[in-house]
Amino acid sequence: MEGRTVAAGVSEAEYDPGRLPAAVDAALRGLGFARTGAGPVTVVPEADLDSHGVLLDVLPEGVRRSYRERLLGPLEVYDAEHGTELLRTLDTFLETAGSWQRSADLLYVHVNTLRYRIQRIEEMTGRSMNSMRDRTDLYLALRCPPGDPS
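**Student:** Describe the packing of aromatic side chains, with residues and values.
**Tutor:** Applying the stated criterion to the full structure yields one aromatic pair. Each ring, one from F93 and one from W100, has its centre 4.8 Å from the other, and the planes form 55 degrees; the classification is tilted. Since its relative accessible area comes to 28%, W100 is described here as partly exposed. R115 extends its terminal NZ or CZ atom over the ring of W100, reaching a point 4.4 Å from the ring centre. Positioned above the aromatic ring of Y139 is the side chain of R143, whose terminal nitrogen or guanidinium carbon lies 4.1 Å from the ring centre.

**Student:** Mind laying out the packing of helix α3 (residues 61-82) against helix α7 (residues 132-142), listing which residues take part and the relevant values?
**Tutor:** Taken N-terminus to C-terminus, the directions of α3 and α7 make an angle of 120 degrees; their axes are 9 Å apart at the nearest point. By the angle between their axes, α3 is oblique relative to α7. Remark: the crossing between α3 and α7 carries left-handed chirality. Here α3 contributes Y67, R68, L71 and L72 to the contact with α7, which in turn contributes D137, L138, L140, A141 and L142. Classifying every residue of the contact of α3 with α7 by side-chain character gives seven nonpolar, no polar and two charged.

**Student:** Describe in detail the pattern of salt bridges, supporting the description with residues and values.
**Tutor:** As enumerated under the stated definition, the model contains eight salt bridges in all. Note that E85 is salt-bridged to R88, the shortest N-O span being 2.9 Å. Relative accessible area serves as the criterion here: at 37%, E85 is assigned to the partly exposed category. Accessibility expressed as a relative area gives 37% for R88, which makes it partly exposed. Note that R143 and E95 form a salt bridge whose closest N and O atoms lie 2.5 Å from each other. With R143 in the segment after α7 and E95 in helix α4 (residues 86-95), the pair connects residues that are 48 residues apart, well separated along the chain. Beyond isolated ion pairs, a larger network of salt bridges with shared partners links D91, E95 and R143.

**Student:** Describe α4, listing the residues and the values that go with them.
**Tutor:** Of all ten residues that make up α4, seven are buried, and the element is covered over most of its length. Taken residue by residue, α4 has L86, L87, T89, L90, T92, F93 and L94 as its buried positions. In this fold, the buried residues of α4 make contact with α3, α5 (100-107), α6 (111-125) and α7. Just downstream of α4 lies A97, where phi reads positive at about 55 degrees.

**Student:** I'd love a proper account of the nonpolar core, names of residues and values included.
**Tutor:** Of all hydrophobic cores here, the largest spans 20 residues; its most connected members are L72, L75, L90, L114, M129 and L138. For this core, the elements supplying multiple residues, two or more each, are α3, α4, α5, α6 and α7. If we skip the residues at most four places from it in the chain, M129 touches L90, F93, L94, I118, E122, R135 and L138.

What counts, and at which threshold
- All residue numbers refer to position in the chain's written sequence, counted from 1.
- Residues qualify for local features only when their pLDDT is at least 70, as the model is predicted, and side-chain atom pairs are given and counted only at 80 or more; totals for whole chains, interfaces and linings, by contrast, use all residues.
- Computation of side-chain values: all heavy atoms of the structure, hydrogens and water removed.
- Centre distance within 6.5 Å is the pairing criterion for rings of Phe, Tyr and Trp, where only the six-membered ring of Trp is used; planes under 30 degrees apart are then read as stacked, over 60 as edge-to-face, and the remainder as tilted.
- Burial status follows relative accessibility: with a 1.4 Å probe on protein chains alone, a residue under 20% of its type maximum counts as buried, one over 50% as exposed, and anything between as partly exposed.
- The rule for a charge over a ring is simple: NZ of Lys or CZ of Arg within 6 Å of the ring centre, and within 35 degrees of the ring normal.
- In this analysis, axes come from line fits to C-alpha atoms, helices being fitted only over the stretch in contact, and the angle between any two N-to-C directions falls in the range 0 to 180 degrees.
- Comment: elements are numbered from the N terminus, with helices defined as DSSP H or I runs of at least four residues and strands as E runs of at least two.
- Any angle between 65 and 115 degrees counts as roughly perpendicular, while under 35 counts as roughly parallel, over 145 as roughly antiparallel, and the rest as oblique.
- Rotating anticlockwise by less than a right angle from the far helix to the near helix defines a left-handed crossing, while the corresponding clockwise rotation defines a right-handed one.
- Contact between two residues is taken to exist if any of their heavy atoms lie within 4.5 Å; hydrogens are not considered.
- All residues other than Ala, Val, Leu, Ile, Met, Phe, Trp, Tyr, Cys, Pro, Asp, Glu, Lys and Arg, Gly among them, are scored as polar; the first ten of these are nonpolar and the last four charged.
- Think of a salt bridge as a Lys or Arg side-chain nitrogen and an Asp or Glu carboxyl oxygen that are within 4 Å of each other.
- We call a set of buried Ala, Val, Leu, Ile, Met, Phe, Trp, Tyr and Cys residues a nonpolar core when their side-chain atoms join them within 4.5 Å.

Given below as C-alpha cells:
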C-alpha cells in the first residue's frame, strides 16, 4: 500500500532464557534505527548496530549532505572539472588503511602517482592523512550522500 513502511529490528539468536532481555533490547534498538530508514522496508540486524552507518543514518539527510560538502566539496568540484579521481583515490586509500602499495595496485597507478594525489587531497581539504581524526572525518564524509549534481 502506498505510503506504508515496514521497520524491523532483529537480534542474534538466543537460546538462554537469561539472555532474552538483552536480545529483546538489541531488537528494539534495531527497530528504532530501522524506523529512520528511507525505504519501504528497513531491517536492522543486531550486527549493524555497531556500525558507523547507524550513527550517520540517525542524522538528518541535510546534515549529512552538508558535512560531506564541507569536507569533500573541493574534491568533487575538482574531479568534475578535470576528470580526475581524487574521491576514488581517497576512498581506496582509506579502505586499505593507508597502505600505499595496496592502494596503488587497486587504482592501477604507480605509488608516486598515489603520493601526489594524496598530497593534492591534503592540500585541497586541509586534512592530513597522518591524523586519525582527519582520516575518520574524511571516511565518514565519503559515506554521506552526495549533494544535488545540478
